[in-house]
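Each chain, letter by letter, is given below.
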Amino acid sequence: MGTSTIAPNAVGNTAVALPGPAVFHVPSAQEERPFIYVNGQMLPKNKAMVSVYDHGLLYGDGVFEGIRVYRGRIFKSKQHMDRLYKCAEAIRMQIPISKDEMVAVQRRCIEMNNLADGYIRLVVSRGYGTLGLDPRKCPVPGVICIADEIHLFPKEMYENGMRVVVANRPKTPIPCLDPRIKSLNYLNNILAKCEAIDFGCHEVVMLNTDGDVTEGSGDNIFMIKDGVVYTTPSDAGILEGITREFVQKTLCPALGLKCIEKNFKLDELLKADEVFLTGSAAEIIAVSQIDQHDGKVITTANHIGKVKGEGPLTKKLRAKFREIVTSDNVPEE
Ligand SMILES: Cc1ncc(COP(=O)(O)O)c(C=O)c1O
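Parameters and conventions
- Residues numbered from 1 in each chain as written.
- Predicted model: local features only at pLDDT ≥ 70, side-chain atom pairs only at ≥ 80, totals over all residues.
- Axes fitted to C-alpha atoms, helices over the stretch in contact; angles between N-to-C directions.
- Helix = DSSP H or I, 4+ residues; strand = E, 2+ residues; numbered from the N terminus.
- Parallel < 35°, antiparallel > 145°, perpendicular 65-115°, else oblique.
- Contact = placed C-beta atoms within 7 Å.
- Nonpolar A, V, L, I, M, F, W, Y, C, P; charged D, E, K, R; others polar.
- Buried ≥ 20, exposed ≤ 12 C-beta atoms within 10 Å, placed from the backbone.
- Pairing = 2+ DSSP bridges.
- Domains from an automatic or database assignment.
- Core = buried A, V, L, I, M, F, W, Y, C linked by C-beta atoms within 7 Å.
- Expected span 1.5 Å × (residues − 1).
- Arc of directions from axis to C-beta.

**Regarding the packing of helix α6 (residues 242-254) against helix α8 (residues 312-325)**
At a closest axis distance of 10 Å, the pairing of α6 and α8 adopts a crossing angle of 105°. One way to sum up the angle between α6 and α8 is to call them roughly perpendicular. On α8, the residues that touch V247, L251 and A254 of α6 are L317, K320 and F321. Here the residues of the contact of α6 with α8 sort into five nonpolar, no polar and one charged.

Written as structure tokens, this is what we have:
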């Protein structure tokens, strides 16, 4: 007989040592921050928890947003709210609070945690239900808002550019699960990201099942050729990124650059003068090298463009981006 025991009903019992990770460890004072909004309550980090019957946990059933806070303002708040509610509708889920209330929750989290620059993670899960897929058994979606600091990539990587690898795993096709839905089901992206990790990279370039370039595991992709900026279209199977749109509609026009959406294959990407990625967390980051692998080893290493590190137009776009997000007019619209 083994030493493991079946856990007795925990209610009223003192802790019994059982096999498995002790994730509910005794909290220290530092672990109380930030205060997190969980289903109508502001709770210290170490008390901010959801039910193990939550379908967000059990099935990845839900939607989310990643949002930047610059100078205490919620960058592109309206667009994030529109996308969140549209995605919820796409998975047939009705968010229990209005967009205005959702924004008020975020502002409360920002204030309570004294956050000037940071990141908001909003999660709306299908909520507490039963052990079965049926979403009708989850009467109320759960809402979580975390406002915290973020340091995604080291500063040098923005100047030197990032090395990425082409993922073997294709992007989930639109008819299976539309990548335009920012759902809690991110395994396709996570397993692609694992390919990057296996090869010592931070990101991947994901292709769709037709071999068209789509995006990274958590960011959109752009290339620059002969002074023109290109990005992949929505129907390639991508998340319609809010930073992507900011580059297309604000930054490129501000610099007099033409920005075109078009499908392109890997060959064309490898011949680009510059490549960069965009995302709320990543902001704008140059890609300096694109590797390919045969499943086990790197087979090719393509250096992007003639310039080592961040290309000149990417540098200008990033500088314009920084200028806006560090100004007194951080756009919330
Ligand atoms: C798969 C994917 N693509 C693109 C993006 C970039 O979108 P946004 O600029 O709205 O953050 C994200 C961001 O989380 C993402 O997860």
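**Some points on the environment of L266**
Tracing the chain through its elements places L266 in helix α7 (residues 266-270). Assessed through the 16 C-beta atoms surrounding it within 10 Å, L266 is described here as partly exposed. Spatially, the C-alpha atoms of L266 and M206 are 9.7 Å apart, while their sequence positions differ by 60 residues. Residues contacting L266, with those up to four places away along its chain left out, are V166, L207 and V213.

**Here's the deal with the sheet that holds strand β3 (residues 62-70)**
Sheet architecture is open: six strands sit in the order β2-β1-β6-β5-β3-β4, paired in antiparallel fashion. Each of the sheet's edge strands pairs with one partner strand only, and the pair in question is β2 (41-44) and β4 (73-74). One ladder, built from eight bridges, connects β3 with strand β5 (residues 118-125); its direction is antiparallel. Bridge pairing links G66 to R121 in β5. Packed on one face of the sheet, helix α2 (residues 77-90) meets β3, β4 and β5 and runs near 175° to β3.

**Points about the domain arrangement of the protein**
The domains assigned to the protein are domain 1 (32-148) and domain 2 (155-325). Taken over C-alpha atoms, the centre of domain 1 sits 27 Å from the centre of domain 2. Listed by partner, the interface residues are 21 residues for domain 1 and ten residues for domain 2. The greatest single-element share of the side of domain 1 that touches domain 2, amounting to eight residues, is contributed by β3. Residue classes in the side of domain 1 that touches domain 2 are distributed as nine nonpolar, seven polar and five charged.

**Regarding the pairing of β3**
The two faces of the sheet receive side chains in turn, since in a regular strand these alternate between them. Pairing geometry for β3 and β4, over two bridges, is antiparallel. Its bridge partner lying in β4, Y70 is registered against R73. Where β3 hands over to β4, the hairpin turn is made up of two residues, of which R71 adopts a positive phi near 50°.

**Considering the environment of L184**
Along the chain, the position of L184 falls in the loop between β7 (162-166) and α5 (187-198). C-alpha of L184 to C-alpha of V165: the two residues are 19 residues apart in sequence and 24 Å apart in space. When residues no more than four places from it in sequence are discounted, the contact partners of L184 are G56, G60, D61, G62, V63, F64 and S125.

**Considering the nonpolar core**
V164, V204, V205, V275 and V287 are the most contacted members of the largest nonpolar core, which totals 39 residues. With residues near it in sequence (within four places) discarded, V275 still touches I221, F222, M223, L269, V287 and I304. By size, the runner-up hydrophobic cluster in this structure holds 25 residues, among which are A88, I110, V124 and C145.

**As for α8**
Over its 14 residues, α8 runs 20 Å from end to end, which matches the ideal 20 Å to within 8%, given 1.5 Å per residue. Buried within α8 are the following residues: L313, T314, L317 and R318. The arc that holds every buried residue of α8, seen down its axis, measures 135°, which confines them to one face. What points out from α8, more than 90 degrees from its buried face, is the exposed set P312 and E323. Looking at the buried residues of α8, the elements they touch are α4 (155-160), β10 (220-225), α6, β13 (274-279) and β14 (283-293).

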